[in-house]
Each structure stands twice: as C-alpha cells, then as structure tokens.
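Observations on the three-dimensional arrangement
For reference, the chains in residue letters:
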Amino acid sequence: MKPAEVRARERLGQAPPSLEVDGLTFAYPDGHPALRGVGLRVERGERVALLGPNGAGKTTLVLHLNGILTAAQGSVRVAGLPVGAPHLHEIRRRVGIVFQDPDDQLFMPTVAEDVAFGPANFGVPTDQLAARVDAALAAVDMTGHRDRSPLHLSGGQRRRVALATVLACEPEILVLDEPSSNLDPVARRELADVLGRLDATMLMVTHDLPYALQLCPRSIVLDDGVVVADGPTRELLRDPDLLRRHRLELPYGFTL
Amino acid sequence: MGAGHAHPLHLPGTSPVHRMPAEVKIVAAVLLVVCVVATPREAFPVFGGFLLLLGAVWVAAGIPPGWIARRAVIELPFVVLAVLLPFTGEAPTVVWLGVTLSEPGLLGAWNILVKGTLGVLTSLTLAATTPMRELLHGMARLHAPTLVVTIATLMLRYVDVIVAEAGRMRVARISRGHDPRFLWQVGATARGVGALFLRSYERGERVHLAMLSRGWTGRMPQLQPGRTSAAQWLVGLSPVAAGVALAVTGWVLT
C-alpha cells in the first residue's frame with residue numbers, strides 16, 4: 001500500500017490497523033538473537049502495554065517500528081505502510097517514539113524549539129509551528145514553560161515535554177519506552193493523568209505492571225524475543241505462574 | 001549556559017538593541033571591529049570617539065558601564081604581552097621616571113591595548129544584548145555552515161549535562177575514598193575521563209536515534225517565521241556608519 005492509498009482508505013473509515021508486526025526476527029551483530037519471530041497487531045485507538053523482563057527484546061522491537069533497525073525477516077506495517085526505505089519519513093511521522101531518557105530526546109536550547117523540531121522536519125509551515133507547539137504543550141500541562149531550557153525542568157516535567165515533542169508531530173501511534181521510570185510518585189501520577197486524557201493509539205513498553213493496568217486494557221508479554229502472552233491486562237496480571245515464568249512481579253502488597 | 005536563564009555575559013532586557021535581530025548585531029559588531037582595527041594607531045582622539053560610540057549603544061541598551069567594565073577584565077591575560085613591548089622594543093627611546101622605554105614599543109603596546117579593549121567591549125555588547133541561542137539563529141540566517149551551527153546548538157544543550165555527569169562521577173569516586181590531591185591517584189581521574197567520553201559518545205548515539213525518529217534529515221529546520229527587514233538592517237548598521245566615519249577621520253588626521 002502507498003501513502004496516498006492509506007489516506008484514501010482513512011477517509012472512508014476503513015483504516016488498516018495502526019500496527020502489524022509479523023514474524024519479525026533480529027539478531028545483534030555478534031549473532032545473539034534479540035527477536036525470534038514476533039507477531040502482534042494493534043488496532044486504531046487501542047492502548048496496549050508491552051511487558052517483559054530486562055533483555056526481553058522490548059527496546060529492539062521499538063526501534064523496528066520506525067525503521068531505525070530493519071527487519072532481518074518478517075515485516076512491520078504502520079497503518080498498512082510497510083516500514084522501509086521508500087517512505088521512511090512518512091513512517092517516522094506516524095510512529096511517535098518517546099524515549100526512556102528525556103535528556104536523549106530534548107536537545108534544543110528551549111522547550112518550544114524542541115517541540116517545534118519534529119513538526120518542522122515533517123513539513124509543517126513555519127507560521128503554523130507556534131500553534132502546534134502551544135497545542136502539544138497544553139496537552140501535557142506545560143504551557144507556562146515554553147521558553148525555558150529543558151535542563152532547568154524537573155524529571156517529571158522533562159518527561160512530559162518529551163511527550164509533547166512527539167505529540168506535536170500528530171502521530172498515528174504513540175510508543176512510550178518505560179514512561180514511568182525514574183519518576184517520583186506524584187510525577188508518575190501526573191504523567192498518567194496526561195496519558196489517560198490522550199485519545200491516541202498507544203503502545204507502552206514497561207515493567208511497571210500497575211501502570212500498565214491503570215492505562216492499558218490490553219497487554220502483550222514479550223520474553224526472550226517471542227510473544228508469550230496477549231490478553232486483557234487484568235487477566236494476565238492475575239496469573240501468578242505466567243508472571244513468575246517471565247520474570248515479572250507485582251509490587252509488594254499489590255493484589256488483584 | 002542554559003538559554004532563558006542567567007548567563008554571565010548576557011544582560012536580559014527589552015531595549016531596541018536587545019530586540020534587534022541577532023544577524024544584524026553580529027554583522028554590525030564584526031564591521032565595527034574592522035573599523036577599529038583599520039584606524040591608524042597614532043590617531044589617539046579617534047579611539048575616544050569609538051568609546052563614545054559604544055557608550056551610546058550601552059545607553060540605548062540600558063547596560064551600566066560598570067557591568068561591562070567588570071566583564072572586560074577577561075582581556076587582561078591577553079594583553080600582558082603588550083606591557084613588555086616598551087621594555088624590549090628598539091630605539092628611539094624615551095626616559096620616563098628614570099626608566100628607558102622604547103618609542104615604537106610604546107606605540108605597539110598602545111595599539112594592542114586600545115584595539116583589543118575596543119574589540120572586547122564590542123563583543124561584550126553583542127553578548128550582553130543577545131542570548132546564546134539567538135546568536136545561533138543569527139548565524140544560521142547568515143548562512144554559516146549548517147554543521148557548525150548544529151554542533152554549536154547541541155553543545156549549548158549538552159555541555160551542562162556532561163558537566164553534571166562528570167560531577168556525579170567525581171562524587172562517586174570521592175565517596176569510595178578517592179583523594180585526587182596526589183599525583184599517583186591521577187590514574188582514577190584519567191579513567192573517569194575515559195568513561196565520561198564513552199558515556200558521552202553513547203549518549204550522542206541515542207540523541208541521534210531520537211532525532212532520526214522525529215524526522216531529522218541532516219539540517220536544522222527553520223523554526224521561526226519572519227524576515228529581517230531592510231529598515232532593521234539600516235538602523236542596526238548605523239553605528240557602523242559612524243565607525244567608518246571615525247576610521248576615515250583617523251586616516252585624514254595622520
């Protein structure tokens with residue numbers, strides 16, 4: 001399918017799923033396999049948590065979604081578009097990745113410039129950038145900080161600005177890599193409030209199981225490079241054997 | 001070094017000089033320094049004229065002269081050499097308070113001192129009225145090489161991150177009994193610098209990936225609308241016109 005075709009089908013209300021991954025394999029240069037035939041599907045408007053222990057291949061999978069890494073075998077489709085060279089730019093507009101460390105993501109001298117960076121790259125005219133920036137900062141409750149340096153923000157504020165830099169690109173699917181890591185409980189809750197308000201398709205990579213339960217009705221468990229479970233988050237988290245087998249654990253005192 | 005926060009060389013304000021587009025100020029500052037350098041060193045009163053000209057800009061920008069003067073001491077290490085010239089220069093000599101001084105040496109020292117000082121004062125005026133990131137925007141609009149502007153932009157952002165990382169690594173070393181006062185302990189510091197390099201390098205990789213994910217194509221996009229008008233150039237370059245007149249006066253006088 002080509003970008004024009006996808007847009008035509010979107011207008012007819014028959015949009016293809018936001019994300020389809022099929023038989024995806026990937027090995028590191030030293031030959032160690034990271035992904036061994038991953039298959040999953042995320043429909044439009046769904047919120048899905050991708051759970052798994054450290055080293056399960058979660059981040060490797062994320063880097064395949066916008067073509068930073070290319071599939072050795074198998075395929076990734078975003079809104080029906082195969083991830084690959086001919087329309088990589090379009091793919092990267094549609095897949096908004098919020099990386100784990102906001103200091104890796106926020107590189108411009110001010111918040112507003114950083115939020116404008118993505119849309120400017122994706123061809124939003126200069127005179128419309130300010131409106132995009134304002135809307136994205138409003139969506140994450142950071143309107144008052146547009147001219148500050150990311151360096152002078154708290155960890156939680158930085159995380160929300162990193163989210164805004166991606167929202168400003170108006171992605172088809174929002175991919176969050178460990179959104180709650182390194183946040184204090186209040187910042188964690190504030191981010192959850194913001195994420196809960198967004199009506200974007202979302203793939204949230206995490207091992208914060210209560211966060212997955214709070215925000216994502218559906219979860220996928222990835223371990224050792226394969227999908228080992230896929231279902232309603234609450235049901236998966238109620239299965240102690242499943243959790244134990246894949247090095248997942250609910251926090252102390254947390255019961256369902 | 002954070003933009004929007006206090007930088008030691010920047011004096012935030014809203015004067016007409018502050019609001020002038022950065023590229024106009026950069027060009028004006030460079031041309032003014034060229035005028036100063038082109039003025040013959042014997043035209044003593046003309047240099048007073050340059051100082052008055054800068055003084056007028058400070059008044060317009062609301063910069064207290066003391067503020068500039070304190071920062072101008074940055075020049076001192078660079079003009080030490082000039083102090084030596086009157087003692088080491090050749091004949092003819094003059095005797096002043098019993099000290100024999102070389103006349104060409106004196107003139108040479110005056111030349112370095114006055115032109116250096118005026119150059120530093122001009123640069124300080126530019127820095128005081130223009131935030132760092134505006135300077136970078138100005139350079140980009142003046143078609144400075146994209147790569148240079150991009151590297152400078154990233155440095156502006158990451159220098160503090162790397163310094164903070166180095167600080168944390170130092171505290172961690174000291175907490176484990178490292179006492180970097182002694183030469184034989186320099187090894188741990190050196191390995192720390194090596195680790196810092198690797199960390200910065202890895203961070204560079206991750207920043208690049210994150211930039212690619214937001215559609216980075218190798219050039220900085222234009223983020224702000226608006227062009228600099230001819231009127232702004234005219235107003236901004238008017239001190240340069242005065243500078244040219246001063247330089248010409250200098251040549252006529254000598």
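Residues numbered from 1 in each chain as written. Chains lettered and ligands numbered in written order. Predicted model: local features only at pLDDT ≥ 70, side-chain atom pairs only at ≥ 80, totals over all residues. Heavy atoms only, no water.

1. Concerning the overall build of chain A
- Within chain A one finds eleven helices and ten strands.
- In terms of overall dimensions, chain A is globule-like: its C-alpha atoms have a radius of gyration of 18 Å, near the 18 Å expected for 256 residues.
- Each principal axis of the C-alpha distribution contributes one length, and for chain A these read about 55 × 45 × 40 Å.
- Relative to its 256 residues, chain A shows a buried fraction of 57%.
- Carbon and sulfur atoms form 49% of the exposed surface of chain A, whose accessible area is close to 10800 Å².
- Of the charged side chains in chain A, 28 are positive and 33 negative, and the gap between their average positions amounts to 3 Å. (Helix = DSSP H or I, 4+ residues; strand = E, 2+ residues; numbered from the N terminus. Rg over C-alpha atoms; globule rule 2.2 N^0.38 Å. Buried < 20%, exposed > 50% of the residue type's maximum accessible area, 1.4 Å probe, protein only. Areas by Shrake-Rupley, 256 points an atom, 1.4 Å probe, with all protein chains shown as cover. Lys, Arg positive; Asp, Glu negative; His and termini not counted. Charge placed at Lys NZ, Arg CZ, Asp CG, Glu CD.)

2. Quick word on the sheet that holds strand E10 (residues 226-232) of chain A
Residues and elements named next belong to chain A.
- Spatially, the six strands line up as an open sheet ordered E6-E7-E8-E3-E9-E10, and their pairing is mixed. Of all strands in the sheet, those with a lone pairing partner are strand E6 (95-98) and E10, marking the two edges. Taken pair by pair, the neighbouring strands of this sheet meet at an average axis angle of 20°, ignoring direction.
- The pairing of strand E3 (residues 47-51) with strand E9 (residues 218-223) spans four bridges and is parallel. Bridging across to E9, Leu-50 finds its partner in Ile-220. (Pairing = 2+ DSSP bridges. Axes fitted to C-alpha atoms, helices over the stretch in contact; angles between N-to-C directions.)

3. Remarks on the sheet that holds strand E1 (residues 19-27) of chain A
All names here are of chain A.
- The four strands lie next to each other as E2-E1-E4-E5, forming an open sheet whose pairing is antiparallel. Two strands bound the open sheet, and with one partner strand each, they are strand E2 (33-42) and strand E5 (81-82).
- Taken together, the five bridges between E1 and strand E4 (residues 73-78) define a ladder with antiparallel strand orientation. The residue bridging Glu-20 from the neighbouring strand is Arg-77, located in E4.
- Sitting on the sheet, helix H2 (residues 58-65) is in contact with E1, E2 and E4, with an inclination near 120° to E1. (Contact = heavy atoms within 4.5 Å.)

4. Things to note about the domain arrangement of chain B
Residues and elements named next belong to chain B.
- Partitioning chain B into structural domains gives domain 1 (16-139 + 228-253) and domain 2 (145-213).
- Domain 1 puts four residues into the contact, and the matching count from domain 2 is four residues.
- A combined buried area of about 340 Å² lies between domain 1 and domain 2, and 91% of that area is made up of carbon and sulfur atoms.
- Summed over the three residues of domain 1 that lose the most area to domain 2, namely Met-132, Leu-136 and Met-139, the buried surface amounts to 94% of that side. (Domains from an automatic or database assignment. Buried area = accessible area lost by both parts, 1.4 Å probe.)

5. Focus: helix H6 (residues 103-129) of chain B
- With 27 residues, H6(B) should reach 39 Å at 1.5 Å per residue; the first-to-last C-alpha distance of 39 Å fits that figure.
- Sitting at the head of H6(B), B:Ser102 places a side-chain oxygen 3.0 Å from the backbone nitrogen of B:Gly105. (Expected span 1.5 Å × (residues − 1). Polar contact = N/O pair within 3.5 Å; in protein donor to acceptor, adjacent residues only side chain to side chain.)

6. Observations regarding helix H8 (residues 146-175) of chain B
- Relative to the 44 Å expected for 30 residues at 1.5 Å per residue, H8(B) spans 43 Å between its end C-alpha atoms, a close match to the ideal helical length.
- When the local axis directions of H8(B) are compared, the greatest deviation, roughly 40°, occurs at B:Tyr158.
- All buried positions along H8(B) are accounted for by B:Val149, B:Thr150, B:Thr153, B:Leu156, B:Arg157, B:Tyr158, B:Val161, B:Glu165, B:Met169 and B:Arg173.
- Contacts made by the buried residues of H8(B) are with helix H4 (102-105) of chain A together with helix H7 (132-141) and helix H9 (186-213) of chain B.
- One or two steps after H8(B), the chain reaches B:Gly177, where phi turns positive at roughly 90°. (Bend = angle between axes of the 7 residues up to and from the residue.)

7. Some points on the confidence of the model for chain B
- Chain-level pLDDT for chain B is 85 on average; 96% of the residues reach the 70-or-more range.
- Confidence drops under pLDDT 50 across residues 1-5 of chain B; counting only partners more than four residues distant or on other chains, this segment forms 15 contacts. (pLDDT = per-residue confidence, 0-100.)

8. Digging into the side chain of A:Gln157
All names here are of chain A.
- Within the secondary structure, Gln-157 sits in helix H7 (residues 155-167).
- The class for Gln-157 is buried, based on a relative accessible area of 18%.
- Every residue in contact with Gln-157, bar those within four places of it in the chain, is listed here: Met-142 and His-145.

9. Focus on the environment of A:Ala168
Residue and element names in this part refer to chain A.
- By secondary structure assignment, the location of Ala-168 is in the loop between H7 and strand E7 (173-177).
- Residue Ala-168 is classed as buried on the basis of its relative accessible area, which comes to 2%.
- Linking Ala-168 and Val-115, residues 53 residues apart in sequence, is a C-alpha distance of 6.5 Å.

10. Examining the packing of helix H3 (residues 44-61) of chain B against helix H11 (residues 238-253) of chain B
Residue and element names in this part refer to chain B.
- Their axes nearest at 9 Å, the elements H3 and H11 cross at an angle of 170°. Of the possible angle classes, the one that applies to H3 and H11 is roughly antiparallel. Residue-level contacts link Pro-45, Val-46, Gly-49, Phe-50, Leu-53 and Val-57 of H3 to Pro-239, Ala-242, Gly-243, Leu-246, Ala-247, Thr-249, Gly-250 and Leu-253 of H11.
- For the contact of H3 with H11, the class distribution of residues is ten nonpolar, four polar and no charged. (Parallel < 35°, antiparallel > 145°, perpendicular 65-115°, else oblique. Nonpolar A, V, L, I, M, F, W, Y, C, P; charged D, E, K, R; others polar.)

11. A few points about the nonpolar core
- Counting 91 residues, the largest nonpolar core has A:Leu19, A:Leu61 and A:Leu163 as its most contacted members.
- Excluding anything up to four places from it in sequence, A:Leu19 contacts A:Leu40, A:Arg41, A:Val42, A:Leu65, A:Val76, A:Arg77, A:Val78, A:Ile173 and A:Leu203.
- Membership of the second largest hydrophobic core comes to 24 residues, among which are B:Leu32, B:Val36, B:Phe50 and B:Ala128. (Core = buried A, V, L, I, M, F, W, Y, C linked by side-chain atoms within 4.5 Å.)

12. Things to note about the packing of aromatic side chains
- Tallying each qualifying case throughout the model produces seven aromatic pairs over all chains.
- Relative to A:Phe117, the ring of A:Phe107 has its centre 4.7 Å away and its plane inclined at 85°; by these criteria the two rings are edge-to-face. With A:Phe107 in the loop between H4 and helix H5 (111-121) and A:Phe117 in helix H5, this residue pair connects regions lying ten residues apart in the sequence. Take A:Phe107 and A:Phe117: they sit in the same class, and that class is buried.
- Ring centres of B:Phe44 and B:Trp110 lie 5.4 Å apart, and the angle between their planes is 55°; on these two criteria the pair is classed as tilted. In this pair, B:Phe44 sits in helix H3 while B:Trp110 sits in helix H6, placing the two residues 66 residues apart along the sequence.
- B:Trp110 sits in the partly exposed class, given a relative accessible area of 28%.
- Aromatic ring contacts, followed pair by pair, group B:Phe44, B:Phe47, B:Phe50 and B:Trp110 into a single cluster.
- Here the guanidinium or amino end of B:Arg71 rests over the ring plane of B:Trp67, the centre of that ring lying 3.9 Å away. (Phe/Tyr/Trp six-rings, centres within 6.5 Å; stacked < 30°, edge-to-face > 60°. Lys NZ or Arg CZ within 6 Å of the ring centre and 35° of its normal.)

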